Amino acid sequence: MARADGSALSTPADDGPPVAESARRAVEAVWRIESARIVGALARFTGDFALAEDVAQEALAEALVTWSRDGAPASPVGWLLATARRRAIDAFRRRAARDERYALLAGRLGEGEAVTGGSAPPDGPDELPWDPDRVDDDVLALMFVACHPVLSPEARVALTLRVVGGLSSEEIARAFLVPVPTVQARITRAKKTIAAAGVPFELPPADERRERLGGVLSVLYVVFTEGSTATSGDALLRPDLAYEAIRLARTLAALLPDEPEVFGLLALCELTAARFPARTGPDGEPVLLEDQDRRRWDRSAIRRGLAALGRTATLGRGLGPYGLQASIAACHASAQSVAETDWERIVLLYEALGRVAPSPVVELNRAVAVAMAGEPEQALAQVDELLVAGRLAGSHLLPSVRGELLVRLGRPAEARSELELAARLCRNERERSVLLRKAAALG
């Protein structure tokens with residue numbers, strides 16, 4: 001379990017009896033699936049982003065003890081919300097009592113000057129701060145708050161991934177190739193900055209939404225990417241994260257129907273997720289693209305993705321980074337096999353993407369497409385340029401691609417060395433096993 005800032009939440013259940021272990025797993029499962037909705041509902045209830053996270057974490061800690069003793073409740077989310085709500089009210093009352101003490105020390109003050117806004121909500125029915133009709137608004141409001149312009153781009157992504165995506169600091173750090181303490185510091189500073197700026201918990205006006213849209217889309221993209229290929233662990237896919245990103249992208253598209261890049265991202269996610277059923281075998285082992293049974297691809301998701309991509313085109317502002325990536329995914333979705341894929345078009349799309357959103361990963365993917373289009377020597381030269389420049393250092397992606405290219409060029413000894421290096425750098429056990437198997441097959 002992790003705290004709101006991404007640090008470890010220690011629990012006595014880690015080495016405890018089976019009942020305690022079951023409670024720990026139940027708490028982790030609920031948090032992984034429902035954390036964004038829980039924090040969003042609590043933020044709406046309290047009007048205080050940081051307090052919402054704090055009381056949610058206090059409720060989790062209490063659940064570990066209570067559920068170990070009494071078993072998980074019939075409604076785990078409701079239990080967590082009710083517990084967090086009581087903790088929030090206690091916090092409001094402590095603030096009110098503190099304000100009264102400050103008022104006494106300050107002497108006679110003018111009306112309204114004796115409080116900081118920390119008074120408890122008015123007494124009423126002990127209902128949960130959970131309105132099913134407002135779930136999407138709560139989560140989207142949470143995203144827009146976390147992507148507020150007062151934060152740096154790095155802080156926006158880290159905070160939103162933590163509170164909306166439910167990713168740990170370790171997962172975020174691996175996604176951005178930065179140290180874990182750096183991510184934790186960004187999250188802590190972001191929360192303090194939001195509190196100091198008095199950012200309200202609400203969907204911003206339409207003009208302000210567009211200012212923050214780039215940050216929101218970036219966060220959704222990284223959440224989906226983590227779900228489609230996990231950076232670590234023993235599972236290739238994390239469909240819970242991927243489908244949550246798709247759900248949020250659909251809601252965002254409904255909220256901003258004239259923004260082409262929203263539909264571009266939605267198309268990319270749908271077309272990529274369409275391949276999920278064929279990407280793993282019965283035991284969860286990865287299935288490479290050339291070996292996938294394309295009959296298992298989700299045709300409904302492909303249709304939805306193509307429709308979203310069509311919507312991007314009809315808005316008439318050209319394709320941005322997400323629209324271009326969706327177009328690449330559409331090339332794969334419409335092909336009957338790897339051999340029949342329009343690799344020349346994919347190369348052109350990657351060239352356009354490199355101009356719009358240059359990055360070493362885009363260059364690496366372009367090199368793969370160049371090789372698939374029949375030019376492996378040219379592709380290797382492009383990859384070697386990245387290697388000499390020290391780009392993607394520490395990532396398994398570059399040696400993995402380089403190894404594959406060397407295999408195509410008939411240089412098995414060098415290829416094996418590169419694939420073994422990629423396996424050492426890879427944090428995902430499933431991907432690592434594939435790399436080691438390929439290396440071993442080279443003798």
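Within an unreviewed UniProt entry, the label attached to the protein reads RNA polymerase sigma factor, and the organism entered is Kitasatospora cinereorecta.

Peer 1: Tell me about unusual backbone geometry, and name the residues and values.
Peer 2: Although it is not a glycine, Leu 392 sits at a positive phi angle of roughly 65°. Tracing the sequence through the fold places Leu 392 in the loop between helix H16 (376-388) and helix H17 (397-408). The buried category is assigned to Leu 392, whose relative accessible area is 11%.

Peer 1: Give a detailed account of the pattern of salt bridges, specifying residues and quantitative values.
Peer 2: Using the criterion set out here, one finds 24 salt bridges in the structure. Between Arg 366 and Glu 351 there is a salt bridge, with its nearest N and O atoms 2.9 Å apart. Of this pair, Arg 366 sits in helix H15 (residues 360-372) while Glu 351 sits in helix H14 (residues 343-356), and the two are 15 residues apart along the sequence. By relative accessible area, which is 28% here, Glu 351 ends up partly exposed. What you see here is one network of salt bridges that share partners, running through Glu 21, Arg 24, Arg 25 and Glu 28.

Peer 1: A description of the side chain of Glu 226 should follow, citing residues and the corresponding values.
Peer 2: Examined against the element boundaries, Glu 226 turns out to sit in helix H8 (residues 206-228). Accessibility expressed as a relative area gives 3% for Glu 226, which makes it buried. Apart from residues lying up to four places away in sequence, Glu 226 is in contact with Leu 167, Glu 171, Thr 231, Arg 238 and Leu 241.

Conventions used here
Residues numbered from 1 in each chain as written. Predicted model: local features only at pLDDT ≥ 70, side-chain atom pairs only at ≥ 80, totals over all residues. Heavy atoms only, no water. Helix = DSSP H or I, 4+ residues; strand = E, 2+ residues; numbered from the N terminus. Buried < 20%, exposed > 50% of the residue type's maximum accessible area, 1.4 Å probe, protein only. Salt bridge = Lys/Arg side-chain N within 4 Å of Asp/Glu carboxyl O. Contact = heavy atoms within 4.5 Å.

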